[in-house]
Amino acid sequence: MSKVHLYDTRAAHGQVAAESPLAFSYHRSGAPAPQRHSRVVLRERAFLGHLILRGGAIVLDEALREVLGFGLPARPNSLSQDASGERSVQWLSPDEWLLIVPGGEEHDLELGLRKALGDAHYAIVNVSGGQTLLELEGPAAVELLMKSVVYDVNPLAFPVGKGVTTVFAKTTVIVRRPSESCWELVVRRSFADYAYRWLLDAGEEYGIGVQA
Amino acid sequence: MGQWKRPWYYPRSVSGKRETLHEAVARECRAVREAVGILDASTLGKIDIQGRDAREFLARIYTNKWEKLAVGKCRYGLMCKDDGMVMDDGVTSCLGDNHFLMTTTTGGAAAILEWLELWHQTEWPELDVTFTSVTDHWATMTVTGPEARKLLAEVTDIDLDRDTFKFMDWREGKVAGVPARVFRISFTGELTYEINVQAHYAMHVWKTLFEHGDKYGLTPYGTETMHVLRAEKGFIIVGQDTDGSVTPEDLGMQWAIGYDKPYSWIGKRALSRPDTRRENRKQLVGLKPKDPTVVLEEGAQIVFDPDHAIPMPMVGHVTSSYYSPTLESGFALAVVKGGHRRMGETVYLPMADGSVHAAEIVSPIFVDPKGERQHV
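Residues numbered from 1 in each chain as written. Chains lettered and ligands numbered in written order. Predicted model: local features only at pLDDT ≥ 70, side-chain atom pairs only at ≥ 80, totals over all residues. Heavy atoms only, no water.

### Side note on the overall build of chain A
For clarity, the threshold we go by: Helix and strand assignments follow DSSP, with helices taken as H or I runs no shorter than four residues and strands as E runs no shorter than two, numbered in order from the N terminus. As defined in this context, the radius of gyration uses C-alpha atoms, and a globule is described by 2.2 Å times the residue total to the power 0.38. Only protein chains enter the accessibility calculation, which uses a 1.4 Å probe; a residue whose area is less than 20% of its type maximum is buried, one above 50% is exposed, and one in between is partly exposed. Here a residue-residue contact requires only that any non-hydrogen atoms of the pair lie within 4.5 Å. Method for areas: the Shrake-Rupley scheme with a 1.4 Å probe, in which residue coverage is limited to the protein chains shown. Under the convention used here, Asp and Glu are negative, Lys and Arg are positive, and both His and the chain ends fall outside the count. Positions of charges follow a simple convention, taking NZ of Lys, CZ of Arg, CG of Asp or CD of Glu.
Regarding its fold elements, chain A presents five helices and eleven strands. Taken against the 2.2 N^0.38 rule, which gives 17 Å for 212 residues, the C-alpha radius of gyration of chain A at 18 Å falls within 12% of a compact globule. With the C-alpha coordinates aligned to their principal axes, the bounding extent of chain A is approximately 55 × 45 × 30 Å. When burial is assessed residue by residue, chain A has 52% of its 212 residues classed as buried. Considering only contacts in chain A between residues 6 or more positions apart, those separated by 24 or more positions represent 65%. As presented, chain A carries roughly 9,600 Å² of accessible surface, and 52% of it is formed by carbon and sulfur atoms. Here chain A holds 21 positive side-chain charges and 25 negative ones, and the gap between their average locations is 3 Å.

Take a look at the structure:
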């Protein structure tokens, strides 16, 4: 464990100004408040803890169960969550998963997982500063996604618990469906402004609103 | 650059008149050479590498050696394709014995990550190593110039003593109250601290540096000034000074090749071919125009004999060319056949309008050839 260098890059909460990947977008493009007629609402879940896990499924699954109380999703292109829905693990590739937890938990979680994993071959990388989570809710959320991604997001083909990496307009995003009514996008910081402005534009006909 | 949008230069308005590119770049260059400048270098590709075979993997991917790089140290590395031609470069730092942070060129980051995965998955799956992009996680601010230490000392708890935090070391600590990783690596040739913080806090750190920087003349600079400063030092840009047909030795970078490593590495075999050992290959040199007001055209063809009947034998071309406020002259990097043995010779550049420029072949390092300024 000592051979990998650990460093908590999160600043003490409230002591310095933090900017989410969409801070500049709100400033430049605005954030239209949701109206009664809004058929889709966009909400950024900023400053969450994002960890990339790499390694063998069996050892990672055991470590996650021990430390978090739930394991890896059983199948590709899917996610597992705890009862509250605040912590999730998503399959990204045969040896790669995305773990999202409430902001501030990520460093201790990494320490705990490393302790549980011992000498196994694995990697844990904190990418919290590099991406953000957007939620889409409302009756037109699926239609908005249909216009934006190439993947088939028809609810028949995209059941609750599914998550994929796909092409969104001219960039790449992760699309996931943690519950019946909610869709999530994970976007990279460097493409967050592009994705946000695309969603405002494509969502205009549904009266898209942005919930701070 | 690549897919990124970056500030080109930061024009000021002087008594109602906006600076031209040339004026702004001259001012930004002087600020870095004489005071302190700051560059947003966040676009630099960054790849986190972990695993017990990470070190050996690096030594197979890069042309140079990685066995002895200690924790806390950084090293410049060159990558070749399997044909022996330079494909990328960057600084990789040892974070832990099984943990490295690789930086790549801004435009090359995605392709290099795929390149690492390709070799790992298809050729060396037995090596325990993983690669994860952290480009977006870290924001990078380059604080560079003779006043860089004084400025940074005001906002950090890291010991900046020149004998304990040396050139090519990295350290951790708070900068402007934010956990930061600071690298003493330099693309300008000046005393440089590359400050990395989680991107959420970048604006806070940037603003704090400016709150303290006024008295030191802190000046933001863009990619144009970055290009001039690095070219004055003979630091290449892969894809500009190289074009997929240039070997490390063509660049005069024999020091970055480990022919005696205990195992093969990508490009080694190709570099032993007779063609890559030819003495009249196009080699990287500096060009100093005889007329200092001339800035040679990038891409201009070079000939040895301007009086030769057309078609003249073309022996190379200009790869980078700028006006240097420090040298008070135009200067260029170029590739010239057998150039390394032709120092001091004159070459000619016939232009489309019929004029012919003359230039002297010189070392590609125009400023501070011994590298003393980055070691202070």
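Right, picking up where we left off after that structure.
### Points about the packing of helix H4 (residues 141-148) of chain A against helix H5 (residues 189-203) of chain A
Residue and element names in this part refer to chain A. Counted only if it meets this: Orientation is described by lines fitted to C-alpha atoms, with helices fitted over the stretch in contact, and by angles between N-to-C directions that extend from 0 to 180 degrees. Take the far helix as the reference: if the near one is turned anticlockwise from it by less than a right angle, the crossing is left-handed, and if turned clockwise, right-handed. Side-chain classes are defined by residue name, with Ala, Val, Leu, Ile, Met, Phe, Trp, Tyr, Cys and Pro counting as nonpolar, Asp, Glu, Lys and Arg as charged, and the others, Gly among them, as polar.
Interhelical geometry of H4 versus H5 gives an angle of 120° and a closest axis separation of 10 Å. Helix-helix and strand crossings are classified by hand; for H4 and H5 the assignment is right-handed. Residues Leu 144, Lys 147 and Ser 148 of H4 lie in contact with H5, whose contacting residues are Trp 198, Leu 199, Ala 202 and Gly 203. The residue makeup of the contact of H4 with H5, split by class, is four nonpolar, two polar and one charged.

### With respect to empty space enclosed by the protein
Using the following cut-off: Site definitions follow a grid-based scheme: protein atoms alone, a 1 Å grid, a 1.4 Å probe that fits but cannot get out for cavities, and for pockets an open set with protein on both sides within 12 Å along at least five of seven lines, plus lining residues having an atom within 4 Å of a point. Grid points are joined across faces, edges and corners, and a volume is the space filled by probe spheres set on the points.
Within this structure, the stated rule accounts for two cavities of 30 Å³ or more. For the largest cavity, the calculated volume is near 210 Å³. In terms of lining residues, the largest cavity is bounded by 19 residues, among which Tyr 7 and Asn 126 of chain A together with Asp 48, Trp 138 and Arg 181 of chain B are the most central. Within the residue set of the lining of the largest cavity, elements represented by two or more residues are helix H3 (106-117) and strand S6 (122-126) of chain A together with strand S4 (45-50) and strand S7 (99-104) of chain B.

### Some thoughts on the nonpolar core
Applicable threshold: Within this scheme, the nonpolar core is defined by two criteria: the residues are buried Ala, Val, Leu, Ile, Met, Phe, Trp, Tyr or Cys, and they are joined through side-chain atoms within 4.5 Å.
In this structure, Val 175, Val 182, Ile 195 and Leu 209 of chain B are the most contacted members of the largest nonpolar core, which totals 31 residues. The set of elements that each furnish at least two residues to this core consists of strand S3 (36-40), strand S9 (138-144), helix H4 (148-153), strand S11 (178-183), strand S12 (192-198) and helix H5 (202-213) of chain B. The dominant element in this core, judged by the number of residues it contributes, is H5 of chain B, at four residues. Not counting chain neighbours up to four residues away, the residues in contact with Leu 209 of chain B comprise Ile 38, Met 141, Val 143, Leu 151, Val 155, Ile 195 and Leu 218 of chain B. Counting 29 residues, the second largest nonpolar core, distinct from the first, contains Phe 168, Val 173, Trp 183 and Leu 185 of chain A.

### Quick look at the domain arrangement of chain B
Residues and elements named next belong to chain B. Rules: The domain boundaries here were taken from an automatic or database domain assignment. Once two parts are brought into contact, the accessible area they lose, counted with a 1.4 Å probe and summed over both, makes up the buried area. Whenever Lys or Arg places a side-chain nitrogen within 4 Å of a carboxyl oxygen from Asp or Glu, that contact is recorded as a salt bridge. Polar contact criterion, stated in full: a pair of N or O atoms within 3.5 Å, where within protein one must be able to donate a hydrogen and the other to accept it, and residues adjacent in sequence count only if both atoms are side-chain atoms.
For chain B, the assigned domains read domain 1 (13-43 + 137-232), domain 2 (45-133) and domain 3 (280-362). Relative placement of domain 1 and domain 2: their C-alpha centres are 26 Å apart. When the two sides are added together, the surface that domain 1 and domain 2 hide from each other amounts to roughly 1,000 Å², 59% of it contributed by carbon and sulfur. The salt bridge partner of Asp 169 is Lys 73, with a shortest N-O separation of 2.9 Å. Here domain 1 and domain 2 share eight residue pairs in polar contact (both at pLDDT 80 or more) between them. Taken together, the elements giving at least two residues each to the side of domain 1 that touches domain 2 come down to S9, strand S10 (170-175) and S11. Considered class by class, the residues forming the side of domain 1 that touches domain 2 number five nonpolar, four polar and three charged.

### Quick word on the sheet that holds S7 of chain B
Residue and element names in this part refer to chain B. How we decide: A pair of strands is labelled paired if DSSP reports no fewer than 2 bridges between them.
Across the sheet, which stays open at both edges, the five strands sit in the order S5-S6-S7-S4-S8 with antiparallel pairing between neighbours. What marks the edges here is a single partner per strand, and that holds for strand S5 (74-80) and strand S8 (130-133). Taking each pair of neighbouring strands and ignoring which way they run, the sheet shows an average axis angle of 30°. Relative to S7, S4 runs antiparallel, the two being bridged by six bridges. Residue Ile 47 lies in a different strand from S7, and its bridge partner there is Met 102. Sheet strands touched by helix H2 (residues 54-61): S4, S5, strand S6 (86-96), S7 and S8. Its angle to S7, the strand with the most contacts, is close to 30°.

### A few points about the side chain of Asp 136 of chain B
Residue placement: Asp 136 of chain B occurs in the loop between S8 and S9. Given a relative accessible area of 8%, Asp 136 of chain B falls into the buried group. A polar atom in the side chain of Asp 136 of chain B sits 2.7 Å from the side chain of Arg 188 of chain A. Separated by 3.2 Å, the side chain of Asp 136 of chain B and the backbone nitrogen of Arg 189 of chain A make a polar contact.

### So, the layout of surface pockets
Residue and element names in this part refer to chain B. What the second largest pocket holds in volume is close to 1,300 Å³. As for the second largest pocket, its lining consists of 48 residues, and the residues nearest its centre are Tyr 76, Asp 89, Ser 186, Phe 187 and Phe 235. Where the lining of the second largest pocket is concerned, the elements lending two or more residues are S6, S7, S12 and helix H6 (223-232). Broken down by element, the residue count for the lining of the second largest pocket peaks at three residues, all from S6. Counted by class, the lining of the second largest pocket contains 23 nonpolar, 19 polar and six charged residues. For the lining of the second largest pocket, the two domains that each supply at least three residues are domain 1 (13-43 + 137-232) and domain 2 (45-133).

### Some remarks on the pairing of strand S7 (residues 131-137) of chain A
All names here are of chain A. Within S7, six of the seven residues are buried, which leaves the element mostly enclosed by the surrounding structure. Where strand S1 (residues 41-45) meets S7, five bridges bridge the pair, whose relative direction is antiparallel. Residue pairing in the sheet places Arg 43 in a bridge with Glu 135 of S7. Here seven bridges tie S7 to strand S10 (residues 182-188), and the two strands are oriented antiparallel to one another.

### Some points on unusual backbone geometry
All names here are of chain B. Here Ile 310 and Pro 311 are connected by a cis peptide whose omega angle stands at 0°. Tracing the backbone through its elements, the reader meets Pro 311 in the loop between strand S15 (301-302) and strand S16 (316-324). One non-glycine residue, Ala 176, adopts positive backbone phi at about 55°. Relative to the elements of secondary structure, Ala 176 occurs in the loop between S10 and S11.

### Here's the deal with the pairing of S16 of chain B
All names here are of chain B. Taking burial as the measure, the nine residues of S16 include eight buried ones, the bulk of the element. Looking at chain direction, S15 and S16 are connected through two bridges and run antiparallel. Looking across to S16, one finds that Gln 301 is bridged to His 317. Two elements, S16 and strand S17 (residues 329-337), share eight bridges in a ladder whose sense is antiparallel.

### Observations concerning the packing of aromatic side chains
Where we set the bar: When two rings of Phe, Tyr or Trp (its six-membered ring) have centres within 6.5 Å they constitute a pair, described as stacked for plane angles under 30 degrees, edge-to-face for angles over 60, and tilted for the intermediate range.
For the structure shown, the criterion picks out 18 aromatic pairs over all chains. With a centroid separation of 5.1 Å and an interplanar angle of 55°, the aromatic rings of Phe 158 of chain A and Trp 183 of chain A are classed as tilted. Here Phe 158 of chain A is found in the loop between H4 and strand S8 (163-168), whereas its partner Trp 183 of chain A is found in strand S10, with 25 residues between them in sequence. In terms of burial, Phe 158 of chain A and Trp 183 of chain A fall into one category: buried. Arranged with centres 5.0 Å apart and planes meeting at 65°, the rings of Phe 331 of chain B and Phe 366 of chain B form a pair that is edge-to-face. On the criterion of sequence distance, the pair formed by Phe 331 of chain B in strand S17 and Phe 366 of chain B in the segment after strand S19 (356-362) is long-range, its members being 35 residues apart.

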